[in-house]
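A closer look at the structure
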Amino acid sequence: MTKQGGVGMETQLYYEQLLRDQPGYVQQLLKGFFHNTMVGQALTLPSGTLLANHALCRILGYTVEEFIQYAWSSFVHEKDIAKAQTIFAQLMSGEKTEMEDDLHLVRKDSSVIWVEFYASAHRLNPEEPYQIMVTIIDNTEKRQREDELERYRNLVQTFMDASSDRIFLKDDQFRFVLVNQTTAKTRGLQKSDYINHTDFDLMPQKEAQNRRRNDEEVLKHNRLMIWEESVGDKIIETRKFPVVLETGKTGVGGFGRDITQEVQQREMIRKMSEANRIINRCMTDDFRSVDEQLEYAIEEAKRLTDSQFGFIYTYNETKQELQLQQYSDKVMASCMLGEKKSRWSLSEAGLWGESVRQRKPLVVDDYATSPLKKELPP
């Protein structure tokens, strides 16, 4: 037997002849397709009656006989009735021939379902009214899952936004999927400004390159990684880790927190410990002279405080007099100091004297313009 398109030629000719000679068979065939399809369908007849197939009757909880007794508007929830009436009017007037939308429908048991519907208008000749064919797909479970997911996302976002840490999630292309309010505020942006953008869209090139390298390292090693970086006058600890996304691909999640104060406290404790070591050695080591002891103390103190120069003066309370005892190595190349043991009265001294008068440490960031600068000691 000759084959055409996978169907025997004789079989094809037989059905074509059957369709020509038996119009009733055609009607039965169409009726079978209409009622046996898995999706809900309905047709408005010229009489105005609404004919529904078995699938739509099951979706709404009616029998075919019950369904035919109601107008289409009886099945639409009140909050969508205006929208449905507009759609129906546009189709019946011929303004539109096809439309699709979402609607809330009411079942026989009064429960509400969410459906996706497709409607089209048809007529055999211009004198006849339009008939509307509607296809209905019950999306209630899908929408419930989407609503539940949206509620979960909103809950997660609420917790994220309540954190003072920077929180973010990037997809496998390093585009931001989620950020919290703190992340956005650090750059004066809105959260929406981040979504579907990369670091290169949001920050200077060099900074973006550093962040991209870190992201790539996380995916390469597939583990949590921690960095400390300076951002302006702050020190940020960033923890990044791989995250398996809904797509099955792997993105990068991260937390960033301001640890400036912690780092400063750590440094202060380290320096206090170092200062105690220096003091202990000054007290216990055998130095050949007081000058050697003072030289050791001043060099260590200069190193501890990241200073360029250092001086030690003693103060005679009775004479109200400052005496230069020691200065750091190489200081003479930059500073005009007198000989060791040089003396100045307290009234002549600037910052040095003020520290004595207030009996506390003083810090001046710009000594050149400070009113405490009196050039003495020089």
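Residues numbered from 1 in each chain as written. Predicted model: local features only at pLDDT ≥ 70, side-chain atom pairs only at ≥ 80, totals over all residues. Heavy atoms only, no water.

**Describing the pattern of salt bridges**
Inspection of every chain in the model, using the stated rule, returns 32 salt bridges. Glu237 is paired through a salt bridge with Arg257; the nearest N and O atoms lie 3.2 Å apart. A residue pair is termed long-range when its members are at least 10 positions apart, and Glu237 in strand E11 (residues 234–244) and Arg257 in strand E12 (residues 250–258) qualify at 20 residues. Glu237 gets classed as buried once you look at its relative accessible area, which sits at 11%. Residues joined in a network through salt bridges with shared partners are Lys170, Asp199, Asp215 and Lys240. (Salt bridge = Lys/Arg side-chain N within 4 Å of Asp/Glu carboxyl O. Helix = DSSP H or I, 4+ residues; strand = E, 2+ residues; numbered from the N terminus. Buried < 20%, exposed > 50% of the residue type's maximum accessible area, 1.4 Å probe, protein only.)

**Structural notes on the sheet that holds strand E15 (residues 343–345)**
The sheet built from three strands is open, its strands ordered E13-E14-E15 with antiparallel pairing. Two strands bound the open sheet, and with one partner strand each, they are strand E13 (311–316) and E15. Across the sheet, the mean angle separating the axes of adjacent strands is 30 degrees when strand polarity is ignored. As paired strands, E13 and strand E14 (residues 321–327) are joined by six bridges and run antiparallel to one another. Opposite Tyr313, over in E14, you have Leu324 as the bridge partner. Against the sheet, helix H12 (residues 290–304) engages E13 and E14, with an angle of about 80 degrees to E14. (Pairing = 2+ DSSP bridges. Axes fitted to C-alpha atoms, helices over the stretch in contact; angles between N-to-C directions. Contact = heavy atoms within 4.5 Å.)

**With respect to the pairing of strand E6 (residues 112–122)**
The two faces of a sheet get side chains in turn, since along a regular strand they alternate between them. As paired elements, strand E5 (residues 98–106) and E6 share nine bridges and run antiparallel to each other. Bridged to Leu105 within E6 is Ile113. Hairpin connection from E5 to E6: five residues lie between these consecutive antiparallel strands, with Ser110 at a positive phi of about 75 degrees. Taken together, the eight bridges between E6 and strand E7 (residues 131–138) define a ladder with antiparallel strand orientation. Among the inter-strand pairings, Glu116 is bridged to a residue of E7, identified as Ile137.

**So, the packing of aromatic side chains**
Applying the stated criterion to the full structure yields 13 aromatic pairs. The interplanar angle of 90 degrees and the centroid separation of 5.0 Å between the aromatic rings of Phe176 and Tyr194 together place this pair among those described as edge-to-face. Residue Phe176 is located in strand E9 (residues 176–179), and its partner Tyr194 is located in helix H8 (residues 191–194); the two are separated by 18 residues in the primary sequence. Residue Tyr194 is classed as buried on the basis of its relative accessible area, which comes to 2%. Where Phe287 meets Tyr296, the ring centres are 5.7 Å apart and the plane angle is 40 degrees; that geometry is what we call tilted. Judged by its relative accessible area of 13%, Tyr296 falls in the buried class. Through a chain of ring-to-ring contacts, the aromatic side chains of Tyr62, Phe67, Tyr70 and Phe75 assemble into a single cluster. (Phe/Tyr/Trp six-rings, centres within 6.5 Å; stacked < 30°, edge-to-face > 60°.)

**A short note on the sheet that holds strand E4 (residues 50–52)**
Strands in a sheet are paired, the pairing made by backbone hydrogen bonds, and the direction either parallel or antiparallel. Pairing in this open sheet of five strands is antiparallel, and the strands run E4-E3-E7-E6-E5 from one edge to the other. For this open sheet the edge positions go to E4 and E5, each flanked by a neighbour on one side alone. Direction aside, neighbouring strands of the sheet carry axes that sit 25 degrees apart on average. Sheet strands in contact with helix H5 (residues 81–92) are strand E3 (40–44), E5, E6 and E7, and its direction is about 145 degrees off that of E5.

**With respect to the confidence of the model for the protein**
For the protein, the mean per-residue pLDDT works out to 82, and 85% of the residues sit at or above 70. Summarising per-element confidence for the protein, the mean pLDDT is lowest in strand E1 (residues 3–4) (46) and highest in helix H9 (residues 199–202) (94). Taken together, the stretch residues 1–7 has pLDDT below 50 and engages in eight contacts with residues farther than four places along the chain or on a different chain. (pLDDT = per-residue confidence, 0-100.)

**A word on the pairing of E14**
Counted residue by residue, E14 has six buried out of seven residues, so it is predominantly covered. Between E13 and E14, which pair antiparallel in sequence order, lie four residues; one of them, Gln320, sits at a positive phi of approximately 50 degrees. As defined by bridge partners, E14 adjoins E15 across three bridges and the pair is classed as antiparallel. Looking across to E15, one finds that Leu322 is bridged to Trp344.

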